[in-house]
Amino acid sequence: MTNRLRSSVLSFVLLLSFGAAQAGPYDVPESVQAVAKAQITAGALESHIRFLASDALEGRGPATRGDELARLYLASELQSLGYLPGGEKGGWEQTVDVVGTTAQLPAVWSFTGKNGNVDLKLSEDYIAGSGVQTPNANIENAGLVFVGYGIEAPEYKWNDFKGMDVRGKVLVMLNNDPDWDPKLFAGKTRLYYGRWVYKYESAARHGAAGVIIVHTTPSAGYPWQVVQSSWGGEQFELPAEGEPRVQLKGWATEAATRRLLAAAGQDLDKLVTAAKNRNFKPVPIALKTSIKFDNKVSRVRTANVAGLLPGSDPRLKDEVVIYSAHHDHFGVGDPDSTGDKIYNGAEDNASGCSQLLAIARAMAALPERPRRSVLMLFVAGEEQGLLGSKYYSLHPTFAPGRIAANINYDGGNFRGRAKDLTYIGYGKSSLDGIVNAIVEKQGRHVVPDQFPDKGYFYRSDQFNFAKIGAPAMYFGRSTEYIGKPADWGRTQEEEWTEHIYHQPSDEITSEWVFDGMIEDASVGFYSGWLIAQADAMPTWNPGDEFEAARKKALEAVK
């Protein structure tokens with residue numbers, strides 16, 4: 001079934017679900033549209049971004065002064081709009097305890113093999129973080145094993161380990177998941193199995209001592225400099241709770257990996273070819289390595305910020321539409337070529353926070369509150385592994401079965417009006433029909449993820465809501481811009497990822513324009529309003545990976 005046909009079917013299904021709530025399935029009254037036009041404006045969006053991405057907030061690193069200022073600003077804005085505190089103990093925040101580790105890694109990581117020794121230089125050849133939250137990490141005389149993609153996926157009849165005992169080993173893994181055949185996994189669309197988080201978790205379950213993920217720009221979706229900036233400083237996690245862990249979570253460049261394998265008489269290209277088969281078996285690498293390093297460990301606190309607009313319907317007000325955007329970035333880190341060391345995070349994600357605040361203002365200004373409640377949730381620690389949304393999913397303020405949907409904003413369109421809206425998660429839930437109808441009324445069209453190989457659905461906070469069953473949507477950046485050549489948007493996005501993503505240069509500039517961001521924020525506002533008004537809650541499509549979680553969540557609140 002094509003995406004267009006699927007959307008048509010879903011639109012008919014939603015016509016039945018939404019018909020009782022308003023005159024038509026997706027009719028947005030003129031009074032609601034007027035509120036959006038008055039409240040979701042360029043001035044409202046730009047002002048929030050300028051403050052949140054200013055040098056004064058020092059990059060909003062977790063548990064820093066800038067982090068505290070950002071949280072205070074967001075809570076104050078919500079309070080000024082008439083929202084109620086939606087956090088713990090009647091407050092605006094949900095405290096998130098995190099553990100920070102700064103690994104004191106050696107300048108050179110040495111390996112010994114039959115063809116000689118190989119030294120990997122820190123930052124140039126390898127990057128790593130500690131896998132343990134202790135003052136020391138240690139790997140002693142460990143052998144290496146190439147485990148392909150390091151994936152165990154019974155639903156795809158795929159197992160890269162084949163029962164091999166890899167306890168105490170350092171595992172060399174390919175990034176991504178099998179992507180060369182649409183009959184394997186999801187073809188070019190990266191799944192959670194292709195994420196680095198899964199790789200480290202998989203290795204830990206098998207008792208491995210460490211992991212080296214082979215970085216290539218195509219397989220990661222971003223250049224080596226992003227690994228350097230993302231892993232170069234203090235790393236944060238939720239406190240360990242006895243789960244298995246590796247000692248070291250590492251990355252190596254493709255060139256460094258080739259040198260490493262050559263020292264053991266192995267060829268990376270041949271190993272990659274072998275890994276592209278269900279019959280692949282792990283390959284022991286004739287290398288040994290030891291690495292020991294100290295960790296600076298801190299136990300600190302950050303927080304999610306939550307504001308609640310109670311629903312107007314006596315029955316449906318106990319259900320909620322949750323809007324989310326992460327408020328953190330990377331703080332102060334290594335300087336770039338200009339000497340700038342503040343990672344401002346203007347697009348990622350001051351722009352997402354700004355859109356939520358504009359939507360919050362519009363919701364509060366409605367002549368009548370939505371039937372369901374609306375929660376504005378600004379989550380912490382997304383850049384460190386979706387920590388704030390993970391914590392919320394484990395400690396939700398609404399039962400998962402009462403969360404109607406999640407609408408997540410991670411980034412924003414600062415390039416101008418577009419013909420398209422990129423909808424991450426398109427084809428997964430009944431939300432498709434809502435978004436299609438709204439975007440069509442804007443004179444645009446919906447497209448699925450334009451960079452499916454990057455796995456965006458599993459890289460932002462909507463993933464943690466999906467895991468507890470809530471249908472979720474997230475809008476990516478457009479690629480078809482009005483008045484621009486056909487390939488302009490894609491080229492701009494690729495250049496932005498290469499030079500600005502997770503760099504100090506992610507700052508608001510005079511070149512930013514906000515008419516496209518206004519339209520995208522309006523889509524989220526109208527979508528949330530329609531969901532909040534409907535008699536029935538959205539659903540995952542039959543057979544979707546999150547359908548079972550939804551059924552379990554709904555059963556728990558019967």
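Rules and cut-offs
- Residues numbered from 1 in each chain as written.
- Predicted model: local features only at pLDDT ≥ 70, side-chain atom pairs only at ≥ 80, totals over all residues.
- Heavy atoms only, no water.
- Axes fitted to C-alpha atoms, helices over the stretch in contact; angles between N-to-C directions.
- Helix = DSSP H or I, 4+ residues; strand = E, 2+ residues; numbered from the N terminus.
- Left-handed = near helix turned anticlockwise from the far one by under 90°.
- Contact = heavy atoms within 4.5 Å.
- Nonpolar A, V, L, I, M, F, W, Y, C, P; charged D, E, K, R; others polar.
- Phe/Tyr/Trp six-rings, centres within 6.5 Å; stacked < 30°, edge-to-face > 60°.
- Lys NZ or Arg CZ within 6 Å of the ring centre and 35° of its normal.
- Buried < 20%, exposed > 50% of the residue type's maximum accessible area, 1.4 Å probe, protein only.
- Pairing = 2+ DSSP bridges.

Moving on: the packing of helix 2 (residues 30-39) against helix 15 (residues 515-533). When two helices pack together, their arrangement is captured by the angle between the axes and the distance separating the axes. Taken N-terminus to C-terminus, the directions of helix 2 and helix 15 make an angle of 145°; their axes are 11 Å apart at the nearest point. The hand of the helix 2/helix 15 crossing is right-handed. For the pair formed by helix 2 and helix 15, the contact residues are V32, Q33 and A36 on the first element and F525, Y526 and W529 on the second. Within the contact of helix 2 with helix 15, the residues separate by chemical class into 5 nonpolar, 1 polar and no charged.

Both the distance between ring centres and the angle between the ring planes are used here to describe each pair of aromatic rings. Using the criterion set out here, one finds 31 aromatic pairs in the structure. Judged by centre distance (4.5 Å) and plane angle (25°), the rings of F51 and Y73 are stacked. You can see F51 sitting in helix 3 (residues 42-52) and its partner Y73 sitting in helix 4 (residues 65-80), a full 22 residues away along the chain. The ring of F457 carries the charged tip of K428 above its face, separated from the ring centre by 5.3 Å. Over the face of the ring belonging to F451 we find K454, whose NZ or CZ atom lies 4.8 Å from the ring centre.

Note that L81 resides in the loop between helix 4 and strand 1 (84-85). Accessibility expressed as a relative area gives 16% for L81, which makes it buried. Measuring from C-alpha to C-alpha, the distance between L81 and Q384 comes to 30 Å, with 303 residues separating the pair along the chain. Among all residues touching L81, those that are not within four sequence positions of it are L357, A360, R361 and A364.

This paragraph deals with the environment of L421. Turning to its location among the elements, L421 is positioned in strand 19 (residues 420-424). If we ignore the near neighbours within four places in the chain, the residues touching L421 are V435, V439, R444, H445, V446, V447, F475, S478, D520 and V523.

All right, on to the pairing of strand 13 (residues 283-309) then. Side chains on a regular strand alternate between the two faces of the sheet. Both strand 1 and strand 13 contribute to a ladder of 2 bridges, which runs antiparallel. Pairing of P85 across the sheet is with G307, part of strand 13. As judged from the 12 bridges shared by strand 2 (residues 93-104) and strand 13, these two strands associate in the antiparallel manner. Paired with G100 across the two strands is S298, which belongs to strand 13. Direction of pairing for strand 3 (residues 108-113) relative to strand 13: antiparallel, over a ladder of 3 bridges. Bridging from a neighbouring strand, F111 pairs with T289 of strand 13. In this structure, strand 6 (residues 136-146) lies alongside strand 13, joined through 9 bridges in antiparallel fashion. Within the sheet, the bridge partner assigned to F146 lies in strand 13 and is V283.

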